[in-house]
Amino acid sequence: MVQIAVMGYGVVGSGVVEVLQKNKDKIAKKAGQPIEIRRILDIRKFPGSPLADRFTDNFEEILNDTEIKIVVETIGGLDPAYDYVRRCLLSGKSVVTSNKELVAEKGGELLAIAREKGLNFLFEASVGGGIPIIRPLDQCLAANQVSEIAGILNGTTNFVLTKMIRDGMPFEKALALAQEIGYAERDPSDDITGLDACRKICILASLAFGRHVYPGQVHTEGIQNITLDDVRYASAFGGVIKLIGRAAKRGDGRLDCMVAPMILPASSRLAEVNDVFNGIMVRGDAIGEVVFYGQGAGKLPTASAVVADVIDEVKHINSPKLFGWGPGEDGYVSDHLQNPVSAMIRLKCGDTKAVRDEIEAGLGGCERVKVSNAPADELALVTPKTEEFRINQALKSVSGAKLLSLIRIADL
Ligand code: HSE
């Protein structure tokens, strides 16, 4: 029998307890021994719960209980989760977490403590909710040199963009609907600004390429400025706009890593990932291309991934897994402005011909994209592939034009 504790009895934590109780016998068989929930940490009381006697609001009770060998952290955020997880590891307890902020910001340090102490620190649920991606990337694709990972990593923004694309619903209305249905958080700013997707691509890139990538190193843009006009122009170009997190290994050993709305060709497998679903594409030298697809959030899908990690930790209680990545480094992630990119730029300008000529003088021939009933003073161009700073330079040098939007085109 292995004793565990669950810290945080919110949506995911209560889902973990539910799955552990409901599938107790099956889980015991898989783990090789029964798993007992000894303590649940939450500041709230749950007097009606059949596990009411296990609740505590005192972290020290878990920390000082030497019978507890594995701790599940589903509190979320950094404070107090980071301190609690660090102290659990230092005191000899393995940890499972669903907390993407914790792993993206502190994963390297926590993995190093786990290694030093002969423990496990696992976080399958931190990316893609219930979609298996961390373990497949680490184990099933272990024989590959991974060259690139790109994905739709945030369900809320994918729902909003899907509504804009399919139903012509304006951004604000689509976001309000996502909140009404319960997809978006009450404060959805981390979703909308791309920070949530940024944390997830950091975790995937760290695991795939072996060094910690910090969110602060990754250029991140959200979908807050995407308009229905952008959607229409993307469609006229034969594409759809998706919020993409992308990381690719460069020849010089550094990493290109970015989160931004991008135009994907309608034929791309990721273009077919709609609503709250996530899709993650991995390119490897032996596998070619593989895509993982499913529900990236939600109580039970996420709990399913957390409990799978608990089972894995029970199986590896005396033989820690060789898992994780090394420390990060300044300059490891390249400056995105130096990376070659093609982009759709939309401008408001009096003389569209003169502005196009000026831009093409700087960048070379561009493709003009037109939509029906567009105002005469609107110009949409797709630039050739060139370092991004050159596109910015060309736009700065143009007179008499206002930039409405710049959306990168992705070859995914
Ligand atoms: N807010 C996240 C999303 C939840 O919308 O994808 C899962 O991390």
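Residues numbered from 1 in each chain as written. Predicted model: local features only at pLDDT ≥ 70, side-chain atom pairs only at ≥ 80, totals over all residues. Heavy atoms only, no water.

Trainee: Would you explain the domain arrangement of the protein chain in this entry?
Mentor: Accessible area lost upon the coming together of the parts is a frequently used measure of interface size. According to the domain assignment, the protein chain consists of domain 1 (2-130 + 299-315), domain 2 (134-295) and domain 3 (340-409). In this complex, domain 2 contributes 17 residues to the contact, which on the side of domain 3 involves 16 residues. At the boundary of domain 2 with domain 3, total buried surface from both sides reaches about 1400 Å², with 62% on carbon and sulfur atoms. If you sort the residues of domain 2 by the area they bury against domain 3, Tyr 233, Phe 237 and Ile 263 come out on top, with a joint share of 50%. Between domain 2 and domain 3 we count two salt bridges in total. Between Arg 346 and Asp 230 there is a salt bridge whose closest N-O contact spans 3.0 Å. Viewed at the interface, domain 3 and domain 2 are joined by six residue pairs in polar contact (both at pLDDT 80 or more). Of all the secondary structure elements, the ones that give two or more residues to the side of domain 2 that touches domain 3 are helix H11 (228-236) and strand S10 (255-265). With six residues, H11 is the single largest residue contributor to the side of domain 2 that touches domain 3. In terms of residue class, the side of domain 2 that touches domain 3 is made up of 11 nonpolar, two polar and four charged. (Domains from an automatic or database assignment. Contact = heavy atoms within 4.5 Å. Buried area = accessible area lost by both parts, 1.4 Å probe. Salt bridge = Lys/Arg side-chain N within 4 Å of Asp/Glu carboxyl O. Polar contact = N/O pair within 3.5 Å; in protein donor to acceptor, adjacent residues only side chain to side chain. Helix = DSSP H or I, 4+ residues; strand = E, 2+ residues; numbered from the N terminus. Nonpolar A, V, L, I, M, F, W, Y, C, P; charged D, E, K, R; others polar.)

Trainee: In this structure, what is going on with the site of the ligand? I would like to understand it.
Mentor: All residues adjacent to the ligand are Lys 100, Asn 154, Gly 155, Thr 156, Glu 185, Asp 191, Asp 196, Lys 200, Gly 296 and Ala 297. In this structure, Gly 155 approaches the ligand through a main-chain N or O atom, which is 2.8 Å from an oxygen atom. The side chain of Thr 156 places a nitrogen or oxygen atom 2.6 Å from an oxygen atom of the ligand. Relative to its unbound accessible surface of 260 Å², the ligand loses 88% to contact with the protein. Among the secondary structure elements, those contributing two or more residues to the shell around the ligand are helix H7 (155-167) and helix H10 (195-209). In the shell around the ligand, the residues fall into one nonpolar, four polar and five charged. (Near = heavy atom within 4 Å. Areas by Shrake-Rupley, 256 points an atom, 1.4 Å probe, with all protein chains shown as cover.)

Trainee: Got a minute to help me understand the packing of aromatic side chains in this structure?
Mentor: Two descriptors summarise a pair of aromatic rings, namely the distance from one centre to the other and the angle between the planes of the rings. Following the criterion strictly, the structure yields eight aromatic pairs and no others. Site record: aromatic cluster; members linked through ring pairs are Phe 121, Phe 123, Phe 323 and Trp 325. Across the ring face of Tyr 82, the terminal group of Lys 106 is positioned such that the distance to the ring centre comes to 4.7 Å. Between the NZ or CZ atom of Arg 211 and the centre of the ring of Tyr 332, over which it lies, the distance is 5.7 Å. (Phe/Tyr/Trp six-rings, centres within 6.5 Å; stacked < 30°, edge-to-face > 60°. Lys NZ or Arg CZ within 6 Å of the ring centre and 35° of its normal.)

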